[in-house]
Amino acid sequence: MQTRDTFGSRLGVIFATVGCAVGLGNIWRFPYMLGSNGGAAFLLIYFLCALLLGLPVMIAEFYIGRHSRRNAVGAFKAIVPKTGWAVIGYNGVLAAFIILGFYSVISGWTFEYVFQSVTDSFTGKSVNDFESEFLLFSSGTFRPLFWALLFIFITHFIVTSGVKKGIERFSKLLMPVLFVILVVLCIRSVTLPGAMSGLAFLFAPDFGKIDSSVLLSAMGQAFFSLSVGMGCLITYSSYFGDKTNLQSTALQVAIIDTFIAVLAGIMIFPAVFSFGIEPAAGVELVFITLPNVFSKLPLGNLWACIFFLLLSVAALTSTISLHEVATAYLHEERHISRKKAAYCVSSGVIVLAVLSSLSFGILKDFTVFGLTIFDFLDYVTAKLMLPLGGMFICIFVGWRIDKKILKAELTNRGTATFYFFGVYSILLKYAAPVAIAFIFLNELGLINIIQTVF
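Quick caveat, the model's predicted, so the values are computed rather than measured.

The rules behind the values
- Residues numbered from 1 in each chain as written.
- Predicted model: local features only at pLDDT ≥ 70, side-chain atom pairs only at ≥ 80, totals over all residues.
- Heavy atoms only, no water.
- Helix = DSSP H or I, 4+ residues; strand = E, 2+ residues; numbered from the N terminus.
- Rg over C-alpha atoms; globule rule 2.2 N^0.38 Å.
- Buried < 20%, exposed > 50% of the residue type's maximum accessible area, 1.4 Å probe, protein only.
- Contact = heavy atoms within 4.5 Å.
- Areas by Shrake-Rupley, 256 points an atom, 1.4 Å probe, with all protein chains shown as cover.
- Lys, Arg positive; Asp, Glu negative; His and termini not counted.
- Charge placed at Lys NZ, Arg CZ, Asp CG, Glu CD.
- Axes fitted to C-alpha atoms, helices over the stretch in contact; angles between N-to-C directions.
- Parallel < 35°, antiparallel > 145°, perpendicular 65-115°, else oblique.
- Nonpolar A, V, L, I, M, F, W, Y, C, P; charged D, E, K, R; others polar.
- Phe/Tyr/Trp six-rings, centres within 6.5 Å; stacked < 30°, edge-to-face > 60°.
- Lys NZ or Arg CZ within 6 Å of the ring centre and 35° of its normal.
- Salt bridge = Lys/Arg side-chain N within 4 Å of Asp/Glu carboxyl O.
- Polar contact = N/O pair within 3.5 Å; in protein donor to acceptor, adjacent residues only side chain to side chain.
- Patch = residues over 30% accessible without salt bridge, like charges linked within 9 Å, V, L, I, M, F, W, Y side chains within 5 Å.
- pLDDT = per-residue confidence, 0-100.
- Core = buried A, V, L, I, M, F, W, Y, C linked by side-chain atoms within 4.5 Å.
- Expected span 1.5 Å × (residues − 1).

A. Spatial organisation of the overall build of the protein chain. The secondary structure content of the protein chain amounts to 19 helices and 2 strands. The globule rule puts the C-alpha radius of gyration for 454 residues at 22 Å, and the 21 Å found for the protein chain is close to it. By its C-alpha atoms, the protein chain is 65 × 50 × 45 Å across when sized along the principal axes. Counting every position in the protein chain, which comprises 454 residues, the buried fraction comes to 58%. Here the analysis covers contacts within the protein chain between residues at least 6 apart in sequence; of these, 82% occur between residues at least 24 apart. As presented, the protein chain carries roughly 18,500 Å² of accessible surface, and 69% of it is formed by carbon and sulfur atoms. If you average the places of the 30 positive and of the 23 negative side-chain charges in the protein chain, the two averages end up 13 Å apart.

Below, the structure is given as structure tokens:
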């Protein structure tokens, strides 16, 4: 039997898994979601959702991966052979592959803006200038594709280097770099005039703003930020050693992931309020508004370079994990070499990236169900595949797996204590699937329809 690689150290496990969870969802999407959902009230609900719902699902994925020692598809085949449960794994592999296709485009944009900051392209421009130049760049043909392909190449190189020499080694490098850059930017942001208003927006909750929309948005962001439902955590945990404490690892990853998201809020909102910017801005916040902010700061190009370097690092840690999901599947289930598997994945991703990038320009009039190629791929994965994957993982582990087997794995055969296993079982069997079902219905717009009818 082929010897399977594992992470070489406890620190490697934490850094790699945190890198799997941390991405543009933490640095860009979390502040945007918080800004458009009332600030601190959203943050409070997010904390509770991450702890009570996201964490149980993460532990369930850790169980599936470590117990089976297989990829996202092979894991289900190993645990419950000759059943239909493997479709959950196929869903995760396909979702990771599709996400990597369009995610690489946005990731490539961060390289473009690092380049622009290094070449002093932000000085003396207005908001309208930044907006027109962003639209011109994103709708172009050569430059966006060049950066996306470069991002895919770097990701490919790291994945082909293997689990220890590639993923673990680069995670140990990238995650500390990400953290240091984020802290530096936070310090700069909180020293701006009027920064306290941004911190108050982030940390002083107005409980009157909590409604069903905020609750559902916070639950959705918790699952998105923790990367559940897409096969990444199953794949990474299959490389965990026998002595890895799954409970404490999941808790540490969830805490660090949430902490980085909060730091992103500290980095962005003081600057946003200092310059009188709308906190609910979306893509414009990162690629139009913030460059305008940087252009008004002393050493603005330096701060812009640091910021977009941060985004690049965060994006890279995610693309590595997404690539590994599909590569591990092809390597182990289709019995081809790891390098050949990685080449197959990268080749397919390049096709999706080209189509996704061109959908902002020459292919913008080509639509699927009324959506551009980029928006269609985003919609199918974020609103359909990921919620369904997370929900069925809860059902599988909560209802299909014997409690004694589950507890034995989660306690490392009784050598680690699981004080709240009964509570965990209830959350996994009932609370998490119901919550994900509501997220799923809300993302499809069905919650609003139901509320209107009744």
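Still more to cover.
B. Local environment of the packing of helix α4 (residues 72-79) against helix α5 (residues 86-118). For the pair α4 and α5, interaxial distance at closest approach is 7 Å and the crossing angle is 175°. Relative to α5, α4 is oriented roughly antiparallel. Residues Ala72, Val73, Phe76 and Lys77 of α4 pack against Ala86, Ile88, Gly89, Tyr90 and Val93 of α5. Of the residues contributing to the contact of α4 with α5, the split by class is 7 nonpolar, 1 polar and 1 charged.

C. Here's a closer look at the packing of aromatic side chains. Across all of its chains, the model carries 40 aromatic pairs by this definition. Relative to Phe374, the ring of Phe102 lies with its centre 5.4 Å away and its plane at 70°, an arrangement referred to as edge-to-face. Here Phe374 lies in helix α16 (residues 373-400) and Phe102 lies in helix α5, a separation of 272 residues in the sequence. The burial state of Phe102 is the same as that of Phe374; both residues are buried. Against the face of Trp399 rests Lys429, its NZ or CZ located 4.1 Å from the ring centre.

D. Local environment of the pattern of salt bridges. Counting across every chain of the model gives 9 salt bridges. Put simply, Glu409 and Arg66 hold a salt bridge, and the shortest N to O gap is 2.4 Å. Here the residue Glu409 occupies a position in helix α17 (residues 403-410), and Arg66 occupies one in helix α3 (residues 40-68), the gap between them amounting to 343 residues. Accessibility classification places Glu409 together with Arg66 in one group, the buried group. Residue Arg70 is joined to Glu333 by a salt bridge in which the shortest nitrogen-to-oxygen separation is 3.0 Å. In this pair, Arg70 sits in the loop between α3 and α4 while Glu333 sits in helix α14 (residues 300-333), placing the two residues 263 residues apart along the sequence. The class of Arg70 is partly exposed, set by a relative accessible area of 26%. Beyond isolated ion pairs, a larger network of salt bridges with shared partners links Arg66, Glu409 and Arg413.

E. Structural detail: the side chain of Asn91. Among the secondary structure elements, Asn91 is positioned in helix α5. Take Asn91: its relative accessible area is 18%, and that puts it in the buried class. Polar side-chain contacts of Asn91 include one of 3.0 Å to the backbone oxygen of Met385. Setting aside chain neighbours within four positions, we find Asn91 in contact with Gly229, Met385 and Gly389.

F. Inspection of a nonpolar patch on the surface at higher detail. The grouping of Leu44, Leu48, Leu51, Leu52, Phe207, Ile210, Leu251 and Ile255 at the surface amounts to a nonpolar patch, some 690 Å² of accessible area in total. If you list the elements that add at least two residues to the nonpolar patch, you get α3 and α12 (246-274). Among the elements that make up the nonpolar patch, the one with the highest residue count is α3 (4 residues). Its place among the elements puts Leu52 in helix α3.

G. Highlighting the confidence of the model for the protein chain. Taken residue by residue, the protein chain gives an average pLDDT of 88. The fraction at 70 or more is 97%. Taken element by element, the predicted model of the protein chain shows its lowest mean pLDDT in helix α19 (residues 446-453) (70) and its highest in helix α15 (residues 338-358) (97).

H. Broad picture of the nonpolar core. In terms of nonpolar packing, the biggest core is built from 157 residues, with Ile64 and Phe308 touching the most fellow members. Those residues in contact with Ile64, other than ones at most four positions away along the chain, are Ala75, Phe76, Ile79, Ile234, Ile393, Phe396 and Val397.

I. Focus on unusual backbone geometry. Phi angles above zero are rare outside glycine, and Asp120 is one such case at about 60°. Summarising the element assignment, Asp120 is placed in the loop between α5 and α6 (127-138). Classification of Asp120 as partly exposed rests on a relative accessible area of 44%. In this model, His335 sits at a positive phi of 55°, which is unusual for a non-glycine residue.

J. Here's a closer look at α15. Between its first and last C-alpha atoms α15 spans 30 Å; for 21 residues at 1.5 Å apiece the expected length is 30 Å, and the two agree. Every buried residue of α15 is listed here: Arg338, Ala341, Ala342, Val345, Ser346, Gly348, Val349, Leu352, Ala353, Ser356, Ser357 and Leu358.

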